[in-house]
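Listed below, chain by chain, are the residues.
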Amino acid sequence: ITLTQAGTFASQNASASASVTMADTVSGTNVSTNYNLVQPTVTGTINKATLTVAANNQSMIYGATVPTLTETVTGYVNGETSSVITGTPTATTTATSTTNAGTAAITASTSGLSATNYNFVTGTNATLTIGKATLTVTGTVAPVKTYDGTTAASITGGTLVGAQNGDVITLTQAGTFASQNASASASVTMADT
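About the cut-offs
Residues numbered from 1 in each chain as written. Predicted model: local features only at pLDDT ≥ 70, side-chain atom pairs only at ≥ 80, totals over all residues. Heavy atoms only, no water. Helix = DSSP H or I, 4+ residues; strand = E, 2+ residues; numbered from the N terminus. Contact = heavy atoms within 4.5 Å. Pairing = 2+ DSSP bridges. Axes fitted to C-alpha atoms, helices over the stretch in contact; angles between N-to-C directions. Buried < 20%, exposed > 50% of the residue type's maximum accessible area, 1.4 Å probe, protein only. Lys, Arg positive; Asp, Glu negative; His and termini not counted. Salt bridge = Lys/Arg side-chain N within 4 Å of Asp/Glu carboxyl O. Polar contact = N/O pair within 3.5 Å; in protein donor to acceptor, adjacent residues only side chain to side chain. Core = buried A, V, L, I, M, F, W, Y, C linked by side-chain atoms within 4.5 Å.

**So, the environment of Val66**
Stage number 1. Checked against the element boundaries, Val66 lands in the loop between β7 (58-61) and β8 (71-74).
Stage number 2. Distance from Val66 to Ala152, taken between C-alpha atoms, is 44 Å for residues 86 residues apart in sequence.
Stage number 3. If we skip the residues at most four places from it in the chain, Val66 touches Met60, Thr93, Ala95, Thr96, Ser97 and Leu128.

**Section: the sheet that holds strand β11 (residues 118-122)**
Stage number 1. Taken in spatial order, the 3 strands of this open sheet run β8-β6-β11, and their pairing is mixed. Two strands close off the open sheet at either side, each with one partner strand: β8 and β11. The mean inter-strand angle of the sheet, taken between neighbouring strand axes irrespective of direction, is 25°.
Stage number 2. Bridge count between strand β6 (residues 49-55) and β11: 5 bridges; the pairing is parallel. Following the sheet pairing, Val53 is matched in β11 by Thr122.

**Looking at the side chain of Asp24**
Stage number 1. You can see Asp24 is positioned in the loop between β3 (15-22) and β4 (25-27).
Stage number 2. Buried charged residue Asp24 carries no salt bridge. Nearest counter-charge: Lys48, at 29 Å.
Stage number 3. A polar contact is formed between the side chain of Asp24 and the backbone nitrogen of Ala6, at a distance of 3.1 Å.
Stage number 4. Leaving out residues up to four positions away in the same chain, Asp24 has contacts with Leu3, Thr4, Gln5, Ala6, Leu37, Gln39 and Pro40.

**Topic: unusual backbone geometry**
Stage number 1. The backbone phi angle of Asn30 is positive, close to 60°, even though this residue is not glycine.
Stage number 2. Along the chain, Asn30 turns up in the loop between β4 and α1 (31-34).
Stage number 3. Accessibility expressed as a relative area gives 47% for Asn30, which makes it partly exposed.
Stage number 4. Residues other than glycine seldom take positive phi values, yet Asn78 does so here, at roughly 60°.
Stage number 5. Within the fold, Asn78 resides in the loop between β8 and β9 (90-93).

**Side note on the nonpolar core**
Stage number 1. The biggest cluster of nonpolar side chains holds 20 residues, and the ones touching the most others in it are Ile106, Phe120 and Leu128.
Stage number 2. Broken down by secondary-structure element, the contributors of at least two residues to this core are β6, β10 (102-109), β11 and β12 (126-131).
Stage number 3. When near neighbours in sequence (up to four residues on either side) are disregarded, Leu128 contacts Gln58, Ser59, Met60, Val66, Pro67, Thr93, Ala95, Gly102, Thr103, Ala104 and Ile106.

**Overview of the side chain of Thr93**
Stage number 1. Considering the arrangement of structural elements, one finds Thr93 in strand β9.
Stage number 2. Here the side chain of Thr93 touches Ala95 through a polar contact of 3.2 Å, landing on its backbone nitrogen.
Stage number 3. Within the local environment of Thr93, its side chain forms a polar contact with the backbone oxygen of Ala105, the two atoms lying 3.1 Å apart.
Stage number 4. Filtering out sequence-adjacent residues up to four positions away, Thr93 remains in contact with Val66, Leu69, Ala104, Ala105, Ile106 and Leu128.

**A short note on the pairing of β3**
Stage number 1. In the sheet, strand β2 (residues 7-9) pairs with β3 via 3 bridges, with the strands oriented antiparallel. In the strand pairing of β3, Thr8 is matched with Thr21.
Stage number 2. Connecting β2 to the next strand, β3, in antiparallel fashion are 5 residues.
Stage number 3. As paired strands, β3 and strand β5 (residues 42-46) are joined by 4 bridges and run antiparallel to one another. From the neighbouring strand, Val20 faces β5, where its bridge partner is Val42.

Structure follows, in structure tokens:
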């Protein structure tokens, strides 16, 4: 007599004692006339699948508002979507408008999340890239001098624009004429700091 085993879980949901509906069959000499097959009682385990919560990379310029942080949840099975989750995944960063240019970590959180058939894990955290703000100089007065054989230029009048967060920045103006020769429109190479 040959036994062929088959069965299906009574439910697709995760469970430590999931009921299995057995559908075993037997074949061989005189089986159909001489034997009744009694199906066994079987329970199995359906482990929870894993959902990964991860933050997404973001960027900002120093002094700007920290961008809205976003996160993704991956790992859904069987065509399921975020509707199976209770709670909302969150992402946080310690960065503020006054955080120095550079990078800051964005941390995703699985706190408060629940789903019947899934476990949550935190994926690779993201980075907030903070770029440098731009300073510009306005109102610089073009120097005028009498030919003296040098390219020296006396620069005045500039005003600094673009300082953020009350930062105190001192502008020191400097520059040189591109040529020492007399000219009504002599180019000046600026070297402000």
